Amino acid sequence: MRKEFLTERDDLFVIHDFFSPDECDYYITMTESAGYGDAPITTTGGPVMRKDIRNNDRVMIDDAGIARSVWERLRPFVPDRVQFWQPVGLNERWRFYRYDPGQQFDWHFDGAYERSPAERSAFTLMIYLNGGVSGGATEFNLRSHGGTRGDDPIVRVQPEAGKVLVFPHRLYHRGAPVADGRKYVMRSDIMCRWLGGDE
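Since this is a predicted model, take the numbers as computed values, not measurements.

Conventions used here
Each chain carries its own residue numbering, running from 1 in the written order of its sequence. In view of the model being predicted, local features appear only for residues whose pLDDT reaches at least 70, and side-chain atom pairs are presented and counted only at 80 or more, with totals across whole chains, interfaces and linings using the full set of residues. Neither water nor hydrogens contribute to the side-chain values; these are computed over all heavy atoms in the structure. Numbered from the N terminus, helices here are DSSP runs of H or I no shorter than four residues, and strands are runs of E no shorter than two. Here the radius of gyration uses the C-alpha set of atoms, whereas the globule reference equals 2.2 Å times the residue count to the power 0.38. Relative accessibility thresholds used throughout: buried, under 20% of the residue-type maximum; exposed, over 50%; partly exposed, between the two (1.4 Å probe, protein chains only). We call two residues in contact when some of their heavy atoms are within 4.5 Å. Per-residue and other accessible areas were derived by the Shrake-Rupley procedure at a 1.4 Å probe size, with only the shown protein chains allowed to occlude residues. DSSP-based pairing: two strands are paired if at least 2 bridges between them are found. For helices, the fitted line uses only the C-alpha atoms of the stretch in contact; every axis is such a line through C-alpha atoms, and the angle between N-to-C directions lies from 0 to 180 degrees.

Student: An account of the overall build of the chain is requested, with residue identities and associated values reported.
Tutor: Along the chain, the regular secondary structure elements total two helices and 18 strands. Relative to the compact-globule value of 16 Å for 199 residues, the chain shows a C-alpha radius of gyration of 16 Å, a close match. Considering only C-alpha atoms, the chain reaches an extent of 50 × 40 × 35 Å along its principal axes. Counting over 199 residues, the chain shows a buried share of 48%. For the chain, restricting intrachain contacts to residue pairs at least 6 apart in sequence, the fraction spanning at least 24 positions comes to 77%. In the form shown here, the chain has an accessible surface area of approximately 9,800 Å², with 47% of it arising from carbon and sulfur atoms.

Student: An account of the pairing of strand β15 (residues 164-168) is requested, with residue identities and associated values reported.
Tutor: Counting buried positions along β15 yields five of five residues, so the element is predominantly enclosed. Because side chains alternate across β15, one face comprises the buried residues Val164, Val166 and Pro168, and the other comprises Leu165 and Phe167, equally buried. When strand β11 (residues 119-128) meets β15, the two strands line up antiparallel, connected through five bridges. In the strand pairing of β15, Met126 is matched with Leu165.

Student: Report on the sheet that holds strand β13 (residues 138-141), specifying residues and quantitative values.
Tutor: Two modes of strand pairing occur in sheets, parallel and antiparallel, and in both the strands are linked by backbone hydrogen bonds. One open sheet holds the four strands; their spatial order is β9-β16-β13-β14, and the pairing between them is antiparallel. A single partner strand is all that each edge strand has here, and the edge strands are β9 (105-108) and β14 (154-157). Taken pair by pair, the neighbouring strands of this sheet meet at an average axis angle of 15 degrees, ignoring direction. Of the strand pairs in this sheet, β13 and β14 are connected by four bridges, and their pairing is antiparallel. Paired with Thr138 across the strands is Val157, a residue of β14.

Student: Tell me what's going on with the environment of Arg170, and back it up with residues and numbers.
Tutor: Mapped onto the secondary structure, Arg170 falls in the loop between β15 and β16 (172-175). Judged by its relative accessible area of 57%, Arg170 is exposed. Residues Arg170 and Ala112, spaced 58 residues apart in sequence, show a C-alpha to C-alpha distance of 9.1 Å. Setting aside residues no more than four positions away along its own chain, Arg170 makes contact with Phe109 and Asp110.

Dropping the structure here:
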C-alpha cells in the first residue's frame, strides 16, 4: 500500500493497492447479488430523486464488521486528530455505487453523519472496486464553494481497482460521467470524536 497526496493539502489523498483484486471482485459480486436501485440525493427535506444531478445506481449495506476491518487497515494513514476532532472509526453504513455509460453524480458536497453530539463524520472514504473505464473520474474544484468556472483548477482521480480516496466532506466534487465501461465504488465515512475546545 502506498499513500499519495494529490495537492499541497494533507487531507486529500489516495492509497494505492488498498484492496486486493479478489477483495474487489468479492464486493462487486456481493452487491450485484443484493441488487442495485436508483440513487437519490440528500436534501434538507430528505432523500429526493434528481436524475439531472445524479443518475447512478446504489445499494446500501449496514455491516459493522466490514467497518472495523477496513478501519484497522486504514487507521495508520489517517491523522491522529483534526483540529478538535479525533478520527475513531468508520460509519457502518456502506454505500455501493454503480455507474454505466452516461451516468454521473454532478457537483456537490457530502453531508455529515452525526451519531451523537460528540461523534460525527468529517471525511469521505471511497474505495474503487475496478478500473478500466473511460471517464468516470472523481473531480475536485478546490477553489469553489458551489458552482464552477472555466478557469477553476480541477483535481481528477481516475478509478483503479483497490485504490482508496479520502477527502473532507466539504470539498466540492463530482463523479464525472462514465464514457465507456462500468464503474463500481464502495463508500463510507470517517467518524470523528469531539475532544473539546473551540472549533
